[in-house]
Amino acid sequence: MSASSAEMREELEVVLVKAGRTKIRYPATLLADDGTRVSVRAPWAGEGVRDFGFVRFEPGDVFTEHYWRDRWYAVKEVRAQDGTLKGWYCDITRPAVRSGAELVVEDLDLDLWVSGDGRDVFRLDEDEFAASGLAGRDPGAAAAAASALDELEVLARAEGLTGLV
């Protein structure tokens, strides 16, 4: 029996760490790993519906997620179950680390949302970032995180995130 490409797909477990503790872990299908960027696809891993007011993440949504080993962010394309593009949710993180079948990412609280049509760009959770104390504990990481958020916002407003991923 020959193995089809679907059977050959490698599964990873994405582990999102926040403040030194695992926030969530979920299975994802590896799409690509070029040594710098790791791309995976996973269904919405949260419990039920998460309504942000400007977008709802819900069962059936599909996330195509891109993580970098040399950048301080992850970009997640979000599509509804019917394939409609909802937008891009960007986490500001330390560079990703892949160890075997695990992809570990440390969330640094800052986020950016870009709507599917590119009209809405929202910086999120800056209050959580300030309250986290990262600037005092690790000023270099705090500066890299703030710079990454600025970089993503400029890209989103100028040309969109499609070219990045």
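Just so it is clear, the structure is predicted and the values come from calculations on it, not from any experiment. (Residues numbered from 1 in each chain as written. Predicted model: local features only at pLDDT ≥ 70, side-chain atom pairs only at ≥ 80, totals over all residues. Heavy atoms only, no water.)

J.: Explain the layout of surface pockets to me, please; I cannot follow it from the model alone.
T.: In this structure, the largest pocket encloses a volume near 470 Å³. Lining the largest pocket are 22 residues; nearest its centre among them are Leu16, Lys23, Trp44, Arg50 and Tyr89. When contributions to the lining of the largest pocket are tallied by element, the ones reaching two or more residues are strand S1 (11-18), strand S2 (21-33), strand S6 (62-68), strand S8 (85-93) and strand S10 (102-115). Partitioned by chemical class, the residues of the lining of the largest pocket number 10 nonpolar, 1 polar and 11 charged. (1 Å grid on protein atoms, 1.4 Å probe; cavity = no way out; pocket = protein on both sides within 12 Å on 5 of 7 lines; lining within 4 Å. Points joined across faces, edges and corners; volume = space filled by probe spheres on them. Helix = DSSP H or I, 4+ residues; strand = E, 2+ residues; numbered from the N terminus. Nonpolar A, V, L, I, M, F, W, Y, C, P; charged D, E, K, R; others polar.)

J.: I keep staring at the confidence of the model for the protein chain and nothing clicks. Help me out?
T.: Residues with a pLDDT of 70 or more make up 95% of the protein chain, whose mean pLDDT is 93. Per-element confidence in the protein chain ranges from a low mean pLDDT of 54 for helix H1 (residues 5-8) to a high of 98 for S6. (pLDDT = per-residue confidence, 0-100.)

J.: Help me out: how do you make sense of the environment of Phe122 in this one?
T.: With respect to the secondary-structure elements, Phe122 resides in strand S11 (residues 121-124). Taking the C-alpha atoms as reference points, Phe122 and Leu108, separated by 14 residues in sequence, lie 17 Å from one another. Discounting residues that sit within four places of it in the chain, Phe122 has contacts with Phe54, Asp111, Leu112 and Trp113. (Contact = heavy atoms within 4.5 Å.)

J.: So what exactly am I meant to see when it comes to the nonpolar core here?
T.: For soluble globular proteins, the rule of thumb is that nonpolar side chains tend to be buried together. In this structure, Tyr73, Val75, Ile92, Leu112, Leu152 and Leu161 are the most contacted members of the largest nonpolar core, which totals 22 residues. Those elements that provide at least two residues to this core are strand S7 (73-79), S8, S10 and helix H4 (139-158). The element contributing the most residues to this core is H4, with 7 residues. The contact partners of Leu112, leaving out residues within four places of it in the chain, are Trp88, Tyr89, Cys90, Val121, Phe122, Arg123, Leu149, Leu152, Glu153 and Ala156. Within the second largest apolar cluster, 14 residues are counted, among which are Leu16, Ala28, Val38 and Leu103. (Core = buried A, V, L, I, M, F, W, Y, C linked by side-chain atoms within 4.5 Å. Buried < 20%, exposed > 50% of the residue type's maximum accessible area, 1.4 Å probe, protein only.)

J.: Explanation requested: the packing of aromatic side chains in the structure shown.
T.: Aromatic rings considered in pairs are described by the distance between their centres and by the relative angle of their planes. Throughout the structure, instances matching the rule amount to 12 aromatic pairs. Look at Tyr89 and Trp113: their rings are 6.5 Å apart centre to centre, the planes differ by 45 degrees, and that puts the pair in the tilted class. Of the two residues, Tyr89 is situated in strand S8 and Trp113 in strand S10; the sequence distance between them amounts to 24 residues. Considered together, Tyr89 and Trp113 belong to a single accessibility category, that of buried residues. Three or more aromatic residues joined by ring pairs make a cluster, and in this case those are Trp44, Phe52, Phe54, Phe57, Phe63, Tyr89, Trp113 and Phe122. (Phe/Tyr/Trp six-rings, centres within 6.5 Å; stacked < 30°, edge-to-face > 60°.)

J.: I keep staring at the pattern of salt bridges and nothing clicks. Help me out?
T.: Under the definition given, this model contains 21 salt bridges. For Arg94, the salt bridge is made with Asp138, and the minimal N-O distance between the two is 3.0 Å. Residue Arg94 is located in the loop between S8 and strand S9 (97-99), and its partner Asp138 is located in the loop between helix H3 (134-137) and H4; the two are separated by 44 residues in the primary sequence. Taking relative accessible area as the criterion, Arg94 reaches 22% and is therefore assigned partly exposed. Residue Glu126 pairs with Arg123 through a salt bridge whose shortest N-O separation is 3.0 Å. Assessed through its relative accessible area of 29%, Arg123 is described here as partly exposed. (Salt bridge = Lys/Arg side-chain N within 4 Å of Asp/Glu carboxyl O.)

J.: Is there a simple way to explain the pairing of S10 in this structure?
T.: Working note: regular strand, side chains alternate between the two faces of the sheet. Here S10 lies mainly inside the structure; 11 of its 14 residues are buried. Where S1 lies against S10, 6 bridges are found, and the strand directions are parallel. Across the sheet, the residue bridging to Lys18 is Asp107, located in S10. Strand direction decides the pairing type here: S8 and S10, joined by 6 bridges, are antiparallel. Paired with Tyr89 across the two strands is Trp113, which belongs to S10. Sheet topology places S9 next to S10; 3 bridges connect them, and they run antiparallel. Considered in S10, the bridge of Ser99 is made with Glu102. (Pairing = 2+ DSSP bridges.)

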